[in-house]
Amino acid sequence: MEILSENFCFEGTQGVYKHYSECCKCDMTFAVYIPPQAKVKSVPVLWYLSGLTCTHENAMVKSAAQGWAAENGVALIFPDTSPRGENVPNHDDYDLGQGAGFYVNATNGKWSDNFQMWDYITAELPKLIFKNFPLLENAQGITGHSMGGHGALTIAMSLPNQYQSVSAFAPIANPTMSEWGQKQFKEYLGTDKANWEKYDSTILMQKVGFHSNVLIDQGNADNFLDLLQPEALKNAMNMREQKGQFRFSDGYDHSYFFIMSFMRDHIEHHANILNNIN
């Protein structure tokens, strides 16, 4: 693991690091915020998965998360959204290829060698993180925005023993029924739609749900509502009687101004669960 930068931040450390990923067969960059409480004890972990076109840097600099993380004694992990590099496949469309990994393990065509983001996020990167930082492996939460919200929800519901808390900001909620999903899944996973369902949070909510409170925020002024399909997930939560909240808020769009407006709520949501794990 190579240190690219480390900066003092809210009495803790905001670092950026690089390593070679065996899953993605390329160098991957990620960011870690370690709160001041980690100087004396290991602390819980909150993974933040970013959306389309983002890198590790977007949430690190735009979400206003570090101050609330320091206040609540929670570390933050900001992974990249896809493999990158000259030898990694890409596409001219912004919502496919580099910057658009969709947190799946690709099985189709040219994408299958590098686009193994599910395994990278859930196995390879955690192994590296817990080896190098004073963090509690049994106290992990996961959140994300848009494509990252989709990733957070599907990962948490699929791996309930690994993640104790989950939330999402404006997630792509029903990708098997949306252009943000159908397009990418066909490329990454092939045409058999049965292989898509494990990456759809609405379907997973209907089938398994989550074992603790789920928090989802969505702005009513979001210009991508037709692609996100939040009502499908909200209805699935209601039908399942899933513990938690699906909140629609007037005036908020899809930007990081929306995310920073609700970041405190999300960090406190995770901290209330993770800080009470024995």
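Everything in this summary refers to the structure shown in the same document. (Residues numbered from 1 in each chain as written. Predicted model: local features only at pLDDT ≥ 70, side-chain atom pairs only at ≥ 80, totals over all residues. Heavy atoms only, no water.)

1. Comments concerning the nonpolar core
Point 1. Judged by nonpolar contacts, the single largest core of 88 residues is most densely connected at Tyr-120, Ile-129, Leu-135, Ile-142 and Tyr-188.
Point 2. If we skip the residues at most four places from it in the chain, Leu-135 touches Ile-34, Ser-42, Val-43, Val-45, Ala-75, Ile-77, Ile-129 and Phe-130. (Core = buried A, V, L, I, M, F, W, Y, C linked by side-chain atoms within 4.5 Å. Buried < 20%, exposed > 50% of the residue type's maximum accessible area, 1.4 Å probe, protein only. Contact = heavy atoms within 4.5 Å.)

2. A short note on the side chain of Asp-200
Point 1. Positionally, Asp-200 belongs in the loop between α5 (179–189) and α6 (201–207).
Point 2. Of the buried charged residues, Asp-200 lacks a salt bridge, with Lys-207 as the closest side chain of opposite charge at 9.7 Å.
Point 3. A polar contact of 2.9 Å, which involves the side chain of Asp-200, links it to the backbone nitrogen of Thr-202. (Helix = DSSP H or I, 4+ residues; strand = E, 2+ residues; numbered from the N terminus. Lys, Arg positive; Asp, Glu negative; His and termini not counted. Salt bridge = Lys/Arg side-chain N within 4 Å of Asp/Glu carboxyl O. Polar contact = N/O pair within 3.5 Å; in protein donor to acceptor, adjacent residues only side chain to side chain.)

3. Some remarks on the packing of aromatic side chains
Point 1. Following the criterion strictly, the structure yields 17 aromatic pairs and no others.
Point 2. When the ring of Trp-111 is compared with that of Phe-115, the centres are 5.1 Å apart and the planes differ by 85°; the resulting orientation is edge-to-face. An identical accessibility class is assigned to Trp-111 and Phe-115; each is buried.
Point 3. Taken together, a centroid distance of 5.3 Å and an interplanar angle of 85° make the contact between Trp-111 and Tyr-188 edge-to-face. You can see Trp-111 sitting in the loop between β5 (75–78) and α3 (117–132) and its partner Tyr-188 sitting in helix α5, a full 77 residues away along the chain.
Point 4. With a relative accessible area of 0%, Tyr-188 lands in the buried category. (Phe/Tyr/Trp six-rings, centres within 6.5 Å; stacked < 30°, edge-to-face > 60°.)

4. Regarding the pairing of strand β6 (residues 135–144)
Point 1. Most of β6 sits inside the fold, with seven of its ten residues counted as buried.
Point 2. Two elements, strand β4 (residues 43–49) and β6, share six bridges in a ladder whose sense is parallel. When the sheet's bridge partners are listed, Leu-49 is paired in β6 with Gly-144.
Point 3. In this structure, β6 lies alongside strand β7 (residues 165–169), joined through two bridges in parallel fashion. Within the sheet, the bridge partner assigned to Gly-141 lies in β7 and is Ser-165.
Point 4. Chirality of the crossover, the property in question, places the unit of β6, helix α4 (residues 147–158) and β7 among those that are right-handed. (Pairing = 2+ DSSP bridges. Right-handed = clockwise from strand over helix to strand, strands pointing away.)

5. Some words on the side chain of His-270
Point 1. With respect to the helices and strands, the residue His-270 is situated in helix α9 (residues 256–274).
Point 2. Residue class for His-270 comes out buried when judged on its relative accessible area of 0%.
Point 3. If near-sequence neighbours (up to four positions away) are discounted, His-270 is found in contact with Leu-46, Gly-141, Ile-142, Thr-143, Ser-165, Val-166 and Ser-167.

6. Re the pairing of strand β2 (residues 12–21)
Point 1. Here β2 lies mainly inside the structure; seven of its ten residues are buried.
Point 2. By the bridge criterion, seven bridges tie strand β1 (residues 2–9) to β2 in an arrangement that is antiparallel. Within β2, the residue paired with Cys-9 across the bridge is Gly-12.
Point 3. Hairpin remark: β1 followed by β2, antiparallel, with two residues in the connecting loop; positive phi at Phe-10, about 50°.
Point 4. Two elements, β2 and strand β3 (residues 26–34), share nine bridges in a ladder whose sense is antiparallel. Looking at the pairing, Gly-15 lines up with Val-32 of β3.

Nothing here speaks to function; it is all geometry.
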